[in-house]
Amino acid sequence: MADPQGFLHVDKQEARKRPVSERVQDWREVYEPQSASERAQEVSEQASRCMDCGIPFCHSGSSGCPLGNLIPEWNDLVRRGRWDAAAERLHATNNFPEVTGRVCPAPCETACVLSLADTHTTGSVTIKRIEQAIADIAWEKGEVGPVLPALSTGKQVAVVGSGPAGLAAAQQLTRAGHEVTVYERDDRLGGLLRYGIPAFKLEKSVLDQRLSQMRVEGTRFVTEVEVGVELPVSSLMSRFDAVVLATGALRARDNREVVGRDLDGVHLAMEHLVASNHECEGDGPSPITARGKHVVIIGGGDTGADCLGTAHRQGALSVTQLDYNPALPVERDESSMPWPAWPMILRTSPAHAEGGVRRYEVAVQRFLGDAEGHVRSMILAEVRLGRDETGRRQIVPVGEEIELPCDLALFAIGFEGTETGPLLDGLGLETNRRGTLSCGSDWQTATPGVFVCGDAHRGASLVVWAIAEGRSAARGVDEYLTGSSELPASVHPTALPLTAV
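Here the structure is a predicted model, which means the values were calculated and not measured.

Overview of the overall build of the protein chain
Per the secondary structure count, the protein chain includes 18 helices and 15 strands. Taking 501 residues into account, the globule formula puts the C-alpha radius of gyration at 23 Å, and the protein chain, at 23 Å, falls close to it. In terms of overall dimensions, the protein chain has a C-alpha envelope of 65 × 65 × 50 Å along the principal axes. When burial is assessed residue by residue, the protein chain has 50% of its 501 residues classed as buried. For the protein chain, restricting intrachain contacts to residue pairs at least 6 apart in sequence, the fraction spanning at least 24 positions comes to 69%. Looking at the protein chain as shown, the accessible area adds up to about 22,100 Å², and 51% of this sits on carbon and sulfur atoms. Within the protein chain, one finds 49 positive and 68 negative side-chain charges whose respective centroids are separated by 2 Å.

Right, dumping it as C-alpha cells:
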C-alpha cells in the first residue's frame, strides 16, 4: 500500500522550467530536459507523496478527472519503480496521457486531499507531472505498441474531426473491431491539438507518435476533406453504418460593435494561433505576427495566455492582456469555492512569467487607425460589472478613458459553439441555445446513427473532457452497431464538473 506519511517527508516539487531568456527564443517546450535517471528518481519521490486516501476525489468525475484515471494506483506503482505497470494502468482510462500530461490544467490536483494545505512544501500531489513522465517513459522504452482488434465486425464508422474527442472515439472503435475513417478538413491531423495549442506547450512530435500508433492499429485518416462540401452528406450516410461528429466548438466569439474592429491588425485569437502553428510546421512565415509590435490581447483565459506566449516568441515590443473582470484571488476562498470544487483563483502560466502586463476591470471602447487603415492604438475605459433590470450582465464604463499603443489586437473572448453549415444542414441537425449539438443518453443525436462528442456537444472545454466524451460516445456507437459493448464509458452526456453556487 502507499505510504500514508510520504507527503510529510517529501516536499512538493514541480518540473523545472528553462530560463525565460532561453525559452522565448524557440518553440520547444518550456521545461528543462532531464536525464532518464534523474527524472525517474524525482518523479518517483513525488509519487510517494500520494497517500491513497480513503475517498480519492482526484479521479472523481465531478470534482477531479472526468476520465476516472486510476491515479492512486499508478502513483504507487511509480513509487515502487514499476513504470511498465503504471503505464498499463494509465492507458486503461486515457488514450492520450502524453497530451493531457502537458496541456490539462489538472482538476485532479485541485481535488487532491493534499491541496487543502497548498504551500511550497505541501499541497497537492504533482499528478500531472507524474502522468506525463509515465507516458513519456513508456514511449521511450518502446512499450506503447499498437493494440490490434481481436475480430472485425465489418461495420464502417466515420469520425468527423480529428481533435482529441474524435481521435479518442476513433481509437476505441478501431480496437473494438470496426473499420474507422477519420475526416479532417485541415491539411494535418489533430484539430486544436495541432493548430490551436502552441508548440511550446505541446510539441507536435508528441501528437505524431500517437497518430502513427493509430494508423498501425487500422484507423484510416483523410485530410483536406470537409464533410458536407467535398464529401456530400448523402455519400457519408450511404457509405457508413454510423457517424461520430467531433467537429469542436470553433465559432469564436467576436465584438463587431467596437468602432474600428475592421481595421487591419485586429484579429480573432485563433487566427493568430493557427497561422503561427502553420509557420512552426514549416509552411512559411505567418501573415499575422507580433514582431516589432505593441500587442493587446482582449481576454484573460487560456487562449489569451497562448497568444501571450506566442507574441513573446515572435518578438513583440510589448504585450498587454485585458480582462473586464476584477483580478481573481491568489488563494481559494473556502466560503465561496470550497474544496474539492475547481477554485476560481489567479493562475500564472509559464507565458505570464515570460513578461507582459495584465490589466483588470478595463474594456476596449474603440480602435484608432492610421492613414493606411491599420490599427495604431485603442481606447480603453475602466469598467465595473453590473446587472440590468432583467438580470443580464452589463459592462459599465467608469472613470476616464485611456489610450494604449496597439499595432496588433487579438480577441480571445471565448467561443459560441460549433460551426453550422452544409454538414449539419444535410444531417437535419440544429444547434441548441448553447450553440452545441444535443444528444440522448447513448450520445446519439436526433438523426439515427449520428453521434456527437467533445466540444461539439459540451461547448469549448478541456482536452480531458473531450477525451472522456470521445471514449464514452464510442461505447454508444459500439452498442448501436452490435447490440452490446465492453468499451468503458467514464462520463454521461449530462455530466458536469462540480461547482459552488
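Describing the packing of helix H9 (residues 164-175) against helix H18 (residues 463-482)
In the contact formed by H9 and H18, the axes pass within 7 Å of each other and the chain directions differ by 35 degrees. Two packed elements cross with a definite hand, and for H9 against H18 that hand is right-handed. Residues Pro 164, Ala 165, Ala 168, Ala 169, Gln 172 and Leu 173 of H9 pack against Val 463, Ala 466, Ile 467, Gly 470, Arg 471, Ala 474, Val 477 and Asp 478 of H18. In terms of residue class, the contact of H9 with H18 is built from 10 nonpolar, 2 polar and 2 charged.

Topic: the pairing of strand E2 (residues 179-184)
Regular strands show a simple pattern: their side chains alternate between the two faces of the sheet. Most of E2 sits inside the fold, with 5 of its 6 residues counted as buried. As judged from the 5 bridges shared by strand E1 (residues 156-160) and E2, these two strands associate in the parallel manner. Within E2, the position partnered with Val 157 by the bridge is Val 180. Handedness of the E1-H9-E2 crossover: right-handed. Judged from the 4 bridges that link them, E2 and strand E3 (residues 220-223) form a sheet pairing that is parallel. Its bridge partner lying in E3, Glu 184 is registered against Thr 223.

As for the sheet that holds strand E15 (residues 450-452)
If you trace the 5 strands from one edge of the open sheet to the other, you get E3-E2-E1-E4-E15, paired in parallel fashion. Two strands bound the open sheet, and with one partner strand each, they are E3 and E15. Strand-to-strand, the axes of this sheet are offset by a mean angle of 20 degrees, without reference to chain direction.

Looking at the nonpolar core
If you look at the biggest cluster of nonpolar residues, it comprises 44 residues, and the most contacted ones within it are Val 157, Val 244 and Val 477. Secondary structure elements with two or more residues in this core: helix H6 (97-103), E1, H9, E2, helix H11 (204-217), strand E4 (242-245) and H18. No other element matches the 10 residues that H18 contributes to this core. For this core, the two domains that each supply at least three residues are domain 1 (6-141) and domain 2 (156-250 + 416-482). Those residues within four positions of Val 157 in sequence are excluded, and the remaining contacts are Leu 173, His 178, Glu 179, Val 180, Thr 181, Phe 240, Ala 242, Val 244, Val 477 and Leu 481.

Thresholds applied
- Residues numbered from 1 in each chain as written.
- Predicted model: local features only at pLDDT ≥ 70, side-chain atom pairs only at ≥ 80, totals over all residues.
- Heavy atoms only, no water.
- Helix = DSSP H or I, 4+ residues; strand = E, 2+ residues; numbered from the N terminus.
- Rg over C-alpha atoms; globule rule 2.2 N^0.38 Å.
- Buried < 20%, exposed > 50% of the residue type's maximum accessible area, 1.4 Å probe, protein only.
- Contact = heavy atoms within 4.5 Å.
- Areas by Shrake-Rupley, 256 points an atom, 1.4 Å probe, with all protein chains shown as cover.
- Lys, Arg positive; Asp, Glu negative; His and termini not counted.
- Charge placed at Lys NZ, Arg CZ, Asp CG, Glu CD.
- Axes fitted to C-alpha atoms, helices over the stretch in contact; angles between N-to-C directions.
- Left-handed = near helix turned anticlockwise from the far one by under 90°.
- Nonpolar A, V, L, I, M, F, W, Y, C, P; charged D, E, K, R; others polar.
- Pairing = 2+ DSSP bridges.
- Right-handed = clockwise from strand over helix to strand, strands pointing away.
- Core = buried A, V, L, I, M, F, W, Y, C linked by side-chain atoms within 4.5 Å.
- Domains from an automatic or database assignment.

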